[in-house]
Structure formats: structure tokens, C-alpha cells
Amino acid sequence: MREEMAQREAAELRRGHLKPRSPHGWGLLVALWLLAFYQPVVTEGHLRRKNLEFIFIRFSAWEFAGCDKLWAGLVTTLCHHVRRHFGALPLSVFHVLGSRPRFASGFSQREWVLKKGACLRLWGLLLVLAAGLAILLVALLVPGIKEHHALKVVGSAVASLSGSSLVLGALSILKNFVVSEKKKIERLTNSDRFAGQLGFMSKIRGEVEVLVDYLAFMEVFERRRLRVVLEITSLDLCYPEKVAGVFNAMATLLSDANAPFIFLLAVDPSVIVPCLEQTGCMKGLADNGYLYLNRAVTLPFSIPEMGARSRLRSVQAAIRTREDLLYSVIAGNVAKTRGSGTGAVPAAPGWREADSAAAAWIQEAFRCLHDGSDVLCRYLPENGANVRRIVNTIPITVRLLLHRGATGIGTGPGPGPGPGAVLSPRAAAAWVVLADRWPCRLSWALQCLEDAGQSAVPRPLWSVFREHAGELGALRQPLGKVLSLDGDPELFRAFLERDFPFGAGEARQLLGVTVNLDHSIRQQMGLLRALARLGKAEPPVS
């Protein structure tokens, strides 16, 4: 959108159109002058303008999830960012003196029309004020007239009335400058009579209408179109009634056909639809959340499956944060080393070697994760949150593996997993990916392995799962929600059967250092298996 904005701006300048201006610097004085004495006119030339400016506003619904009215947070965020973008003074003057643009009659190209009524009122007040001051000065200074108290009273009254009108106007501007629209809405929502204020929504609507009129004024002043882009995120982390409130606020802001608002709604429909169906906004739509979304969203865009290059970029962005952590660890180690020579407590023997080995293992695991030629990158999730979770888990898993070095785990990069193979950084990274992508199926295989006990015959983990897959299928109903966490079953089979054939011994070693797998899932599976076996072992009733 920024590139489109820059291209349109350059194209308009090449056509010889006037250069856009902003309400800052000298432009602020021009804007204040036009706000006070002129009314903007939407001409044919203005409608033909192709250049535009996007005002980007990011609204994280999670930040306002604790509010009684989440939609009020959306409106206050909108008002605050618009006020900060253009400045507080022009918006304050517009509240008192500004006027909404009107459409030109015919093909006139005049974009500004003098507000004759406002000018006449101002000149009238100034003339009355000057006349009142003149009468008062004459009554006070001219000899022979000082004794006439009537002139003093008349002059004081005329000067006070005309001057008070001007002072009230200035105070109104000062009040709007100090008390922003955000504070006004927050004051209304914090009122004890909030629930009983029948005119509350009309007040909010009035503030939004003033904001829309101000944006229309600034379009003519800046000589380009303006669009406010609100990016709504983290909505799927809020309660159902909060979600419905945000949709209602969007409908309120978009009720005007000429509203300059664009909403980018970044949500997961599988989470939002059940939230909407739990609220009362579905009445009349057969309780169908997807039908409600289809009517509310005018341009649906479902993100397609992430390609290999995009996945690697996502991994690289997540790894970069871990590399910064490694650099801070190395810097801390250097500081500790220097401090040991100045009377500090010496470190435990071998801590430098262990930490350097852990850093080498972590770097090697990240390299395998980011290597486009490695088959491991095929199994990376598309969700950025899952990628960050994997990247954050790998260093912990690697350090725990090295800490339990007595189990026969090597200290350097080795081959991939397999029967009898020494675990390597690549194997540790693959195990973390396996636990993140298929927590239910991996937990089932580990539970079956645990129930089988220490077997003398080494068996691949995939054969253990395949042997008991039918039993897992019989427990689909009690384990339905847990099964929904897993990814593609065919990829799970290819992962364990062909690309990373973990053995039973390796699975037992890695289970002790697995931190990204919910062990309560395995406990629930063990209980269900025990109950199923108990039911089969009961003797027939005579």
C-alpha cells in the first residue's frame, strides 16, 4: 500500500498537478486561516485525483480486552491516531469553526469559498466591540461627560457582550485542544450512569461524524485523497461478547457510504465463527457465523499455503531473535571471564566448555532448520506463532540434552535419527518439530511405548504407532479436541517412516527433555487405554 501511494504521488506530479501540502510548519498557518474563514468545495478536479495517503492504525484487541466495551477502545484508538497525525490545534479549531465540504455546482474549479456569514459575524462583533470601547473611553476621559453614568453602563455592556462572545469562542478552542476526543469517550464510558445513558451512542456517533468531516476537509486542503486503514489483530484472543462488539463498532463506522475507513481484519475464522455464534448477533441468520462473516467482509482474502521461501524467511526472522540472545550470553560470558581475574568468585570447572558446546549445537540445529536443501524445512508449520515456539524450544531442548550427557548422547553434530544412531542437533530440532506439529499422535506412540515396557528388540517409533493406530481411532470421540491439534497425517507418516525414523530408545531419551509436549495428553490417553482394557477384561454377566 505504501508503494502504491508513492507511485500515485509521483504520477500526479508528472501530470503537472499542484504539489500536496501538509498542516505542519507554514502549512499550519494556512490551514488555520482556511478553517476559520473558508469552506472547502469538492470539485470535479478533486474527484479525479488519483494520489492518496493511507493513515495506518494498528488496533490490538487484546490490549483492550479488559474494557467493558471493546468497541469504545476501537473508537478511541481511531480518534487518538487521527489527532496525532494532523496535530491537535487544527482539529480543535475545526470543532468550533470548521465546516463540512460541499459539492461544487457545475464544473467550477474553486476549491475554497469564503464563509460570508462567519466573516460578517466576526466583523460585526469587532465593530460592536470597538464601538463599546469607544463609548466607554469617551465616558471615562472626555471632560464634561465623565458625570454621565449611563454612557459608562452602555459602553461597558456593549464591550462585555461582544468581547465575551470572542472569549467564549477562544475558550471552546482551548477546551478541545486540552480535552481530546479520546478523553471525552473515556469519560463517558467511566461514568456511573453509563448503562443508563440512552444518548451515549449518539454522542459517540457525533464524535465520529466530526472526525469524518475533518478528514474530508483535510482531503481538500492536502490536495489528495485520505484513507484511514485500521488493522485489527488479536481478536481471536478475546471473549465472544468482545468480538461481537468490535464487529458492531465496524458496522457503525462504515454505516456512512462515504466514510474514509478501511478495516483489515486479521482473524482465524475457525476461532471467530464459534465466538459469534455464542452471542446474540446471530439472530435471524440461522446461527450461522460463516454467513455473518460473508455479509460483514467485503473483500475476503484467505492466505494461501506458505511456500518454501516464505517458510524459510519466517524461520530466519524467528532465529534472529535467538541469535541476539546467544550474543548476549557470549557477552555475559566474556564479562564473567574478565571479572574472575578481579577478585570475583571463580566459575565452576568446565562451564565454558559446556556453554560453548551448547552454543555450537544450537547454531547447528538452527542451520538445519533454515537449510532449504534439508528435508526438515518441509515439515515447518505455516503459522508464525508455531515457528517462533519451535525456535524458542530448540535451545532449551539442546541444553537439556547436553546436561544429561551421561545417557550416551554425543557432544557434536552427528547423523540423523535412526536405530542405534547417536542423537545430533538435527535430530533434536526434528524432535521439537515433531512434538509441535503432531502432539496427539506422538503422545499416543509414546504412551503405547511406555505401556509396552523396556523391550529388548529395538523398534522404530512408527511401527509402534502403526500397531496401535486402530485403538486410537476407536478413541476419536473422547480425544477429538486433542486430535484437532495435529497436522497432516500423511506428513506424520512420511516424517517417522522415511525422513526421521526415530527408534524406541531415542524416543525414551528425548522424552526426558521434551518441554513443548503437553504430558497431560499422554496421561489422559493412558487412563482411556486402561479403562478400555478393563471393559474387555470383565467376565460376561450370567
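That block above? That's the structure.
Residues numbered from 1 in each chain as written. Predicted model: local features only at pLDDT ≥ 70, side-chain atom pairs only at ≥ 80, totals over all residues. Heavy atoms only, no water.

Participant: Tell me about the overall build of the protein chain, and please be specific about residues and values.
Facilitator: Counting its regular elements, the protein chain contains 23 helices and six strands. Evaluated residue by residue, the protein chain yields a buried proportion of 40% over its 542 residues. Long-range pairs, those at least 24 residues apart, make up 78% of the contacts in the protein chain with a sequence separation of at least 6. Taken as a whole, the protein chain presents about 30,000 Å² of accessible surface, with 59% of it coming from carbon and sulfur. (Helix = DSSP H or I, 4+ residues; strand = E, 2+ residues; numbered from the N terminus. Buried < 20%, exposed > 50% of the residue type's maximum accessible area, 1.4 Å probe, protein only. Contact = heavy atoms within 4.5 Å. Areas by Shrake-Rupley, 256 points an atom, 1.4 Å probe, with all protein chains shown as cover.)

Participant: Describe in detail the packing of aromatic side chains, supporting the description with residues and values.
Facilitator: Summed over the entire model, instances satisfying the criterion amount to 17 aromatic pairs. Pairing Phe54 with Phe56 gives two aromatic rings, centres 5.9 Å apart and planes at 45 degrees, and the pair type is tilted. For Phe54, a relative accessible area of 11% translates into the label buried. Measuring from centroid to centroid gives 5.4 Å for Trp112 and Phe217, while their planes differ by 70 degrees, and the two rings are edge-to-face. Here Trp112, found in strand E4 (residues 112-114), pairs with Phe217, found in helix H9 (residues 200-222); they are 105 residues apart in sequence, far enough to count as distant. (Phe/Tyr/Trp six-rings, centres within 6.5 Å; stacked < 30°, edge-to-face > 60°.)

Participant: Lay out the pairing of strand E1 (residues 38-42) in plain terms, naming residues and giving numbers.
Facilitator: Of the strand pairs in this sheet, E1 and E4 are connected by three bridges, and their pairing is antiparallel. Each residue of the ladder has a partner; that of Gln39, found in E4, is Val113. Pairing between E1 and strand E3 (residues 102-103): two bridges, direction parallel. Along E3, the bridge assignment pairs Val41 with Arg102. (Pairing = 2+ DSSP bridges.)

Participant: Now, about the pattern of salt bridges: what can you tell me, with residues and values included?
Facilitator: Throughout the structure, instances matching the rule amount to 23 salt bridges. A salt bridge links Glu53 to Arg224, with the nearest nitrogen and oxygen atoms 3.4 Å apart. Note that Glu53 is positioned in strand E2 (residues 52-60) and Arg224 in the loop between H9 and strand E5 (225-233), a separation of 171 residues in sequence. By the burial criterion, Glu53 is buried, and Arg224 matches it. In this structure, the salt-bridge partner of Glu219 is Arg225, at a minimum N-O distance of 3.9 Å. With respect to class, Glu219 is no different from Arg225; both count as buried. (Salt bridge = Lys/Arg side-chain N within 4 Å of Asp/Glu carboxyl O.)

Participant: Please give an account of the side chain of Arg83 that cites residues and values.
Facilitator: Relative to the helices and strands, Arg83 resides in helix H4 (residues 70-86). Aside from chain neighbours lying at most four places away, what touches Arg83 is Ala88, Leu91, Ser92, Asn176, Phe177, Val178, Ser180 and Glu181.

Participant: Could you give me a rundown of the nonpolar core, with the residues and numbers involved?
Facilitator: The biggest cluster of nonpolar side chains holds 60 residues, and the ones touching the most others in it are Leu369, Ile394, Trp431, Leu434, Phe495 and Phe502. Considering every element that reaches this core, the biggest residue donor is helix H16 (residues 425-437), with nine residues. Once residues lying within four places of it in the same chain are set aside, the contact partners of Phe495 are Leu376, Tyr379, Ala430, Leu434, Trp438, Phe500, Pro501 and Phe502. Core analysis: the next-biggest nonpolar cluster, separate from the first, contains 51 residues, Ile185, Leu253, Ala259 and Phe263 among them. (Core = buried A, V, L, I, M, F, W, Y, C linked by side-chain atoms within 4.5 Å.)

Participant: Just give me the short version of unusual backbone geometry, but keep the residues and values in it.
Facilitator: For Arg223, which is not a glycine, the phi torsion comes out positive at approximately 65 degrees. Tracing the backbone shows Arg223 in the loop between H9 and E5. Its relative accessible area of 17% is what places Arg223 among the buried residues. A positive phi angle, close to 60 degrees, is found at Ser234, a residue other than glycine.

Participant: So, the packing of helix H11 (residues 269-277) against helix H12 (residues 289-296): which residues are in play, and what are the values?
Facilitator: As a packed pair, H11 and H12 sit with axes 8 Å apart at the nearest point and diverge in direction by 105 degrees. In terms of axis orientation, H11 runs roughly perpendicular to H12. Residue-level contacts link Pro269, Ser270, Val273, Leu276 and Glu277 of H11 to Gly289, Tyr290, Tyr292 and Leu293 of H12. In terms of residue class, the contact of H11 with H12 is built from six nonpolar, two polar and one charged. (Axes fitted to C-alpha atoms, helices over the stretch in contact; angles between N-to-C directions. Parallel < 35°, antiparallel > 145°, perpendicular 65-115°, else oblique. Nonpolar A, V, L, I, M, F, W, Y, C, P; charged D, E, K, R; others polar.)

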